[in-house]
Amino acid sequence: APAQLFLDGKALPEGFIYGCATSAYQIEGAWNADDKSPSIWDVFLHNKTTNDVTYGSNGDVADDFYHRYPTDIPLFRNALAVQTYDFTIAWTRIMPAGRGALSDKGLAFYRNVIRASNAVGMSNICTLYHWDLPQSLQDEYGGWLSRNIVDDFRAYAKAVFKALGDDCSHWVTMNEPRTFCTEGFGPDPDSAPGVVSTFKEQYTCMHYALLAHAAAVEEFRLGGYKGKIGIKVDGGVSLPLDPSSAADREAAARTMDFEVGRDVAPLYTGDYPPSVLASGALPLKFTAAEKKMLKGSVDFIGLDFYTSQWVTPTKNCTPDSDTYPECTDQFQQDPRTGLDIGRPTASSWNFDAPHATIYGGIKYLAETYNATNILISETGMGVLNETNLPLEQVLEDVDRIAWYRGVLSAMRQALDDGFPLTGFIPWSCIDNFEWTDGYNVRFGLIQVAYDAAGKGSQARHPKLSGAYLKGVLTKGNPINPYNFV
Ligand code: GBH
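Remember, predicted model here, so these are calculated numbers, not experimental data.

What counts as what
- Residues numbered from 1 in each chain as written.
- Predicted model: local features only at pLDDT ≥ 70, side-chain atom pairs only at ≥ 80, totals over all residues.
- Heavy atoms only, no water.
- Buried < 20%, exposed > 50% of the residue type's maximum accessible area, 1.4 Å probe, protein only.
- Helix = DSSP H or I, 4+ residues; strand = E, 2+ residues; numbered from the N terminus.
- Pairing = 2+ DSSP bridges.
- Phe/Tyr/Trp six-rings, centres within 6.5 Å; stacked < 30°, edge-to-face > 60°.
- Lys NZ or Arg CZ within 6 Å of the ring centre and 35° of its normal.
- Axes fitted to C-alpha atoms, helices over the stretch in contact; angles between N-to-C directions.
- Contact = heavy atoms within 4.5 Å.

Draft legend 1. Quick peek at the pairing of strand 4 (residues 84–88). With 5 of its 5 residues buried, strand 4 lies for the most part within the structure. Residues of strand 4 alternate between two faces, with Thr 84, Asp 86 and Thr 88 on one and Tyr 85 and Phe 87 on the opposite face, all of them buried. By the bridge criterion, 5 bridges tie strand 4 to strand 5 (residues 123–127) in an arrangement that is parallel. Across the sheet, Phe 87 pairs through a bridge with Cys 126, a residue of strand 5.

Written as structure tokens, this is what we have:
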């Protein structure tokens, strides 16, 4: 049995998960090694000559985890004392054509990752999809905009379960459908596949993503595998800009429905939230059979919750408005006072507001959907690549310790108040390719020696924040960070 875990000196319940997370495109590199085919992110960035991504970097090499996993995995364990390594599988490595034959080499890689984790006493949370769709499926039928994706995802999931089904304690079908659908499609997409379109395409993508999730869960349950299965959803907590204004309170509730409930409600109730249905804006509806398949399609829910915002209703909202059909304006700085919602970080979207975000997110899920098994499956903060600072200073990441101190306090309070929090998985085990911020923003608990273009020795160095988490979670140290090393 895994060793006892703690939070602020108090023992955590048996089965509580303490892990760290990464994703395939962000760490593996080896973008065309062995049988791997290009994903939509490879195509989106590999030949990119514009400066959309910092320093024109991409995930071709990233952390070179494909080759370095034999030393990286024991390092995660030693530096952080995590009991679980949460990684994602590249569809393009394991099933290079998008459907059909499996690659022995791709499978062997993930088998080795699991074996290396088990060898140092860690279990695994395994994710089928973190945004790296096979480009062939994008070219063939538009990827997530076609119903075909539901069948292909089902077949991919079924094949992966058959090969590795009992080897992971937890399975995640996909990471953040909201984000890959709203950032990959819409009027101003900045993520792969970057299809300039409208909110309708964003909703179509979401719709098929939810169905693909449910299809994968159906296969998992039919297969009778041992572990648990769920999904990771992102979103912050929306607060009324003026709590005394009924219109602002209504707008905040609407934002929660549109940005979190839209992904989550179908998993618990079988359909979108009433306010989303009532907006009349949805391009697609679930059939009775689909609702049945969706309802109850999670054993756990993972919250990738980083930050929060204030909202007000959009004035005169019409289908041409930027915020349609949600029709809420969002702020992380109070337009009346200039006050930030929390401490700003290197990511323009990410403010440190742990009570609102972490406590509020858990409470929202528990109270709105009666969720009984909630993991904080990602949270963390980035700092700018500080190539010109002495290494000791980079590793003494007290700002990140302050971030996690808030997260841990909010989780402690959620547990004390009886909310069903069952795991904590900081993002990320190690510095990695931060999507549109390239290598210039670092979320890792372990530093990687490369510059903002991703060039360098690739040496790994644990940061102080990792030692802090290790101390609180595994040694029973107090959350208040003194004397923890
Ligand atoms: C996570 O998403 C991802 O799962 C992970 O891969 C990533 O490394 C981590 O965030 C840190 O970024 O730039 O204004 O368009 C968290 C939810 C949603 C946060 C999209 C960033 C982009 C905002 N993310 N959002 S903006």
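Alright, that's what it looks like, and here's the rest.
Draft legend 2. Broad picture of the packing of aromatic side chains. One pass over the structure, following the stated rule, counts 42 aromatic pairs. Centre to centre, the rings of Trp 41 and Trp 435 are 4.6 Å apart; their planes meet at 50°, and the pair counts as tilted. Linking Trp 41 in helix 2 (residues 40–46) with Trp 435 in the loop between strand 18 (421–424) and strand 19 (441–442), this pair joins segments that are 394 residues apart in sequence. Grouping residues by exposure puts Trp 41 and Trp 435 together as buried. Ring geometry for Tyr 364 versus Tyr 369: centroids 6.1 Å apart, planes at 80°, classification edge-to-face. Both residues of the pair, Tyr 364 and Tyr 369, count as buried. Connected via pairs of aromatic rings, a cluster forms that spans Tyr 25, Trp 41, Phe 44, Trp 131, Phe 433, Trp 435, Tyr 439 and Tyr 450. We note Arg 93 situated over the ring of Phe 109; from NZ or CZ to the ring centre the distance is 5.8 Å. The ring centre of Tyr 203 lies 4.8 Å from the NZ or CZ of Arg 262, which sits over that ring.

Draft legend 3. Looking closely at the sheet that holds strand 16 (residues 374–378). What the 8 strands build is a closed barrel, ordered 3-4-5-6-9-11-16-18; its pairing is parallel. If you compare each strand with its neighbour and ignore which way they point, the axes differ by 30° on average. With 3 bridges connecting them, strand 5 and strand 6 (residues 170–175) associate as parallel partners. If you follow Cys 126 over to strand 6, its bridge partner there is Trp 171. Where helix 5 (residues 104–119) meets the sheet, it contacts strand 4 and strand 5, and its direction lies at approximately 170° from that of strand 4.

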